[in-house]
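# Structural overview for review
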Amino acid sequence: MVTLAIAKQTLEDMLRRKILLILLIVAVAMIALGPSVGFLSPRESSAVLRSLGLAVILLAGLLITVLTGIQVIPTEIERRTIYTVLSKPVQRYEFVLGKFLGGLFTVFVMLASMGIVFLGVLRYQEGRFSPDMVMGVIMTFFQMMLLGALAIFFSTFATPVVNFFMSFGLFIVGNLSSVTESLLENKNVATRAVATLVHYAIPNFGNFNIQNKLIHPQVVIKNLNMFIMQNVAYAIIYSAVLLILAIIVFDRREV
Amino acid sequence: MAAAVSIQGLTKTYLDVWTKTEIRAVDRLNLEVEEGEVFGFLGRNGAGKTTTIKMLLGLIFPTEGTATVLGKPIGDIGVKGQISYLPEEAYFYEGMTGWDMLDFYARLFRISEPERSKRIQKALEDVYLDPSAWRRPLRGYSKGMRQRTGIAQALINDPKLLILDEPTSGLDPIAHAELRDIIANVGRQGKTVFLSSHQLPDVELTCSRVAIIHQGKLRTVGKTAELTSGDTVEIVYKGGDAALLEKIRKVVGAGEQSNGLGRVPGVAPKDTNPIVDLIRGAGAEIVSVAPHKRTLEEVFVDTVMKETGS
Ligand SMILES: Nc1ncnc2c1ncn2[C@@H]1O[C@H](COP(=O)(O)OP(=O)(O)O)[C@@H](O)[C@H]1O
Ligand SMILES: [Mg+2]
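Quick caveat: nothing in here was measured; it's all calculated off a predicted structure.

### Here's the deal with the site of ligand 1
All names here are of chain B. Taken together, Tyr14, Ala25, Arg44, Asn45, Gly46, Ala47, Gly48, Lys49, Thr50 and Thr51 make up the full set of residues near ligand 1. Lys49 places a polar main-chain atom, nitrogen or oxygen, 2.8 Å from an oxygen atom of ligand 1. Between Thr50 and ligand 1, the recorded distance is 2.6 Å, taken from a side-chain N or O atom to an oxygen atom. Contact with the protein chains hides 62% of the accessible area of ligand 1, taken as 560 Å² for the molecule alone. Here the element with the most residues in the shell around ligand 1 is helix H1 (residues 49–56); it accounts for three residues.

Next up, the structure:
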């Protein structure tokens, strides 16, 4: 109950932030205006619309997630609102979890809003519902959950500005999983060592990008459900580990 | 009576990043606050009051020493349900309404409905927050209204111990007086109040006992009445002439006469009888022999100046 109360407060606080609303409005406008890119054949246009929609949702989701994750805890300390909260019968782990969940709810609300507009536009353009795109948005959500947990962990010891670059940097490196995977076979021992470290220690954000697989049917995924379940489990377990680390650091932190 | 707060050798050192020197914000502090008293914790800016309070609440960790709050070690979650805290220049979520803010804190105290709404209403009434402001965002509150809401927040769990860090600083005189009365009222309800302040007249009015800290060290602790009661008396008499005044001045080095009244301040106990004898011997009439009371401010200034050696 305490954790949920903190999550609710965090969600309401974040939804009052103008920057997030602006990001949402811009993203929704881009998705809605997608169909007016009018120089393509119907088949091409469908693929472009899907790529564009998922890309916009990913990009906006990325900014929203990082901006939320880097600030939910530091803002409490900076505005000194944390004093009244932590002097109540609130365990520090409840505080960290509440902040994480509040951020996650925020990202969920934002992604869901964009996703609904996106699906609506597709339905209007193509005259039918696209369940595969729902999957695409859900994958983005779990990818963002992992990124959010990473940003929360960094926020327990890094300043928001440093955290912004750390989170973004790791997101980019983590998206190159296919590159590091290929380097695992490299002949050079040093290259192999670095690639192994990067491949296994850094969250594998690339795995969640099923857009290509969804949009280009020639790429075959043997068992889509299995693939999705694996990624969801990966996101949850990795996030849990990051949150435990965040709690360990935050427990010793002076506020 | 049991101790509400018991502090043993509490020490907090900070490292000054620029000069690489150690700052002893709190230095081997020992203190006992009894249950049910309104206790004044006095000190100048930077004396170490806030640092002490934050250690008691587990927000920062002592370098050395220990403390118990309501009989349990620092940070005990069960105890946190029975205490409350109003931080110095309290900060709250600006977008929330007063009511929602109290609802949030009541949830943190695990108070469920319908009890929660009742408590919120009572707390807001207890601090006389204008009901038309209850559903407005804190953003539009005046400093006095914020501070009232802050006290309401500290009353929501019906605490045994309230820790208030300079609750009246920065308020206008009316808001200030009202807030002081609210705090005095809380004290009359039998709750223990640990009041950090440098508003000495307030403390003198509301606190039964005070401690003075300076540069992190405890300098004085005692009952307010005892600290302010001086050991000299003031003697006033009627009649008498310049010769009498001259004789009195020879004994105590002070005294004045005007409008037929003589006044002799700061008479030490050993001089009281001789002066009275002098006055009566000269055929004048004793009007009063009254103990001279020092203000807390004088006590404070004396204590702090003595320690500074200036
Ligand atoms: N986080 C900190 N880092 C370094 N020095 C600090 C810190 N917090 C407080 N201090 C220093 O500790 C001393 C006591 O501060 P404080 O407890 O806030 O005093 P008070 O509340 O009595 O005004 C001051 O000299 C202050 O500068
Ligand atoms: Mg202070």
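### A closer look at the side chain of Arg92 of chain A
Relative to the elements of secondary structure, Arg92 of chain A occurs in helix H5 (residues 92–126). The buried charged residue Arg92 of chain A lacks any salt bridge, with Asp251 of chain A as its nearest oppositely charged partner at 5.0 Å. At a separation of 3.0 Å, a polar atom in the side chain of Arg92 of chain A contacts the main-chain carbonyl oxygen of Phe250 of chain A. Beyond its immediate stretch of four places on either side in the chain, Arg92 of chain A contacts Leu86, Phe250, Asp251, Arg253 and Val255 of chain A together with Gly58, Leu59 and Phe61 of chain B.

### Points about the sheet that holds strand S14 (residues 285–293) of chain B
Residues and elements named next belong to chain B. Taken in spatial order, the four strands of this open sheet run S12-S13-S11-S14, and their pairing is antiparallel. Among the strands making up the open sheet, the edge pair consists of strand S12 (256–258) and S14. The average angle at which neighbouring strand axes cross in this sheet is 20°, direction not considered. With seven bridges connecting them, strand S11 (residues 229–238) and S14 associate as antiparallel partners. Its bridge partner being in S14, Lys238 is matched across the sheet by Glu285. The sheet contacts of helix H9 (residues 242–252) involve S11, S12 and strand S13 (261–267), and relative to S12 the element is tilted by about 155°.

### What to know about the coordination of the magnesium ion (ligand 2)
Residues and elements named next belong to chain B. For the magnesium ion (ligand 2), the full set of protein donor atoms is Thr50 (OG1) and Glu88 (OE), and the range of their distances to it is 2.0 to 2.6 Å. With a gap of 38 residues between them, Thr50 in helix H1 and Glu88 in the loop between strand S6 (83–86) and helix H3 (98–108) connect regions that are remote in the sequence. A relative accessible area of 26% means that Glu88 is categorised as partly exposed.

### Considerations on the interface of chain A and chain B
The partner chain B presents 28 residues to the 26 residues of chain A that form the contact. Counting each side, the surface lost to burial between chain A and chain B is near 2700 Å², with a carbon and sulfur contribution of 63%. On the chain A side of the interface with chain B, the three residues burying the most area are Lys88, Pro89 and Glu254 of chain A, jointly 23% of the side's total. Linking chain A to chain B there are two salt bridges. Its salt-bridge partner being Glu94 of chain A, residue Arg110 of chain B comes within 3.0 Å of it at the nearest N-O pair. On the surface where chain A and chain B come into contact, there are 13 residue pairs in polar contact (both at pLDDT 80 or more). Breaking the side of chain A that touches chain B down by element, the ones donating at least two residues are helix H1 (2–15), helix H4 (82–86) and H5 of chain A. Residue composition of the side of chain A that touches chain B, grouped by class: ten nonpolar, five polar and eleven charged.

### A closer look at a nonpolar patch on the surface
Taken together, the side chains of Ile237, Val241, Ile244, Leu245 and Ile248 of chain A present a nonpolar region at the surface, about 460 Å² in accessible area. Residue position: Leu245 of chain A is located in helix H11 (residues 224–251).

### Considering the pairing of strand S4 (residues 64–69) of chain B
Residues and elements named next belong to chain B. In the sheet, strand S1 (residues 3–15) pairs with S4 via five bridges, with the strands oriented antiparallel. Counterpart to Gln8 in the pairing with S4 is Thr66. Examined bridge by bridge, S4 and strand S5 (residues 72–73) share two bridges and lie antiparallel to one another. Within S5, the residue paired with Val69 across the bridge is Lys72. Here S4 folds back onto S5, and the loop between the two strands holds two residues, one of which, Leu70, carries a positive phi near 50°.

### Here's the deal with H1 of chain A
Residue and element names in this part refer to chain A. Taking 1.5 Å as the rise per residue, H1 with 14 residues should run 20 Å; its terminal C-alpha atoms sit 20 Å apart, in good agreement. Counting buried residues in H1 gives ten out of 14 residues, a clear majority hidden from the surface. Among all positions of H1, only Val2, Thr3, Ala5, Ile6, Ala7, Gln9, Thr10, Leu11, Asp13 and Met14 are buried.

### Some remarks on the packing of aromatic side chains
As enumerated under the stated definition, the model contains 17 aromatic pairs over all chains in all. Note on Phe108 of chain A and Phe141 of chain A: the rings are 5.6 Å apart at their centroids and 80° apart in plane angle, and the pair reads as edge-to-face. You can see Phe108 of chain A sitting in helix H5 and its partner Phe141 of chain A sitting in helix H6 (residues 131–155), a full 33 residues away along the chain. According to the relative accessible area criterion, Phe108 of chain A is partly exposed, its value standing at 48%. Arranged with centres 6.0 Å apart and planes meeting at 35°, the rings of Trp99 of chain B and Trp134 of chain B form a pair that is tilted. Taken together, the residues Trp99 of chain B in helix H3 and Trp134 of chain B in the loop between helix H4 (115–126) and helix H5 (143–155) connect sequence positions 35 residues apart. Accessibility classification places Trp99 of chain B together with Trp134 of chain B in one group, the buried group. These aromatic residues form a ring-pair network of at least three members: Phe92, Tyr93, Phe104 and Tyr105 of chain B. Looking at Lys88 of chain A, its charged tip hangs above the ring of Tyr105 of chain B, at a distance of 4.8 Å from the centre. One residue, Arg135 of chain B, lies across the ring of Trp99 of chain B, its end atom 4.4 Å from the ring centre.

### Let's talk about H9 of chain B
Residue and element names in this part refer to chain B. Residues of H9 that are buried: Leu244, Leu245 and Ile248. Viewed along the axis of H9, the buried residues span an arc of 95°, placing them on a single side of the element. Exposed side chains of H9 directed beyond 90 degrees from the buried face belong to Ala242 and Lys250. Looking at the buried positions of H9, the neighbouring elements they touch are S11, S12, S13 and helix H10 (269–281). Once H9 finishes, Gly253 follows within two positions and takes phi at roughly 75°, a positive value.

### Remarks on the domain arrangement of chain B
Residue and element names in this part refer to chain B. The domain architecture assigned to chain B consists of domain 1 (3–215) and domain 2 (231–309). Using C-alpha coordinates to define each centre, domain 1 is positioned 42 Å away from domain 2. Of the residues lining the interface, ten residues belong to domain 1; the matching set on domain 2 comes to eleven residues. Counting each side, the surface lost to burial between domain 1 and domain 2 is near 840 Å², with a carbon and sulfur contribution of 79%. Among the residues domain 1 hides against domain 2, the three largest losses belong to Leu200, Glu204 and Ile212. Together they make up 59% of the total. At the junction of domain 1 and domain 2, the tally comes to one salt bridge.

Rules used in this analysis
- Residues numbered from 1 in each chain as written.
- Chains lettered and ligands numbered in written order.
- Predicted model: local features only at pLDDT ≥ 70, side-chain atom pairs only at ≥ 80, totals over all residues.
- Heavy atoms only, no water.
- Near = heavy atom within 4 Å.
- Polar contact = N/O pair within 3.5 Å; in protein donor to acceptor, adjacent residues only side chain to side chain.
- Areas by Shrake-Rupley, 256 points an atom, 1.4 Å probe, with all protein chains shown as cover.
- Helix = DSSP H or I, 4+ residues; strand = E, 2+ residues; numbered from the N terminus.
- Buried < 20%, exposed > 50% of the residue type's maximum accessible area, 1.4 Å probe, protein only.
- Lys, Arg positive; Asp, Glu negative; His and termini not counted.
- Salt bridge = Lys/Arg side-chain N within 4 Å of Asp/Glu carboxyl O.
- Contact = heavy atoms within 4.5 Å.
- Pairing = 2+ DSSP bridges.
- Axes fitted to C-alpha atoms, helices over the stretch in contact; angles between N-to-C directions.
- Donors = N, O, S within 2.8 Å, 3.2 Å for Na, K, Ca; no water.
- Buried area = accessible area lost by both parts, 1.4 Å probe.
- Nonpolar A, V, L, I, M, F, W, Y, C, P; charged D, E, K, R; others polar.
- Patch = residues over 30% accessible without salt bridge, like charges linked within 9 Å, V, L, I, M, F, W, Y side chains within 5 Å.
- Expected span 1.5 Å × (residues − 1).
- Phe/Tyr/Trp six-rings, centres within 6.5 Å; stacked < 30°, edge-to-face > 60°.
- Lys NZ or Arg CZ within 6 Å of the ring centre and 35° of its normal.
- Arc of directions from axis to C-beta.
- Domains from an automatic or database assignment.

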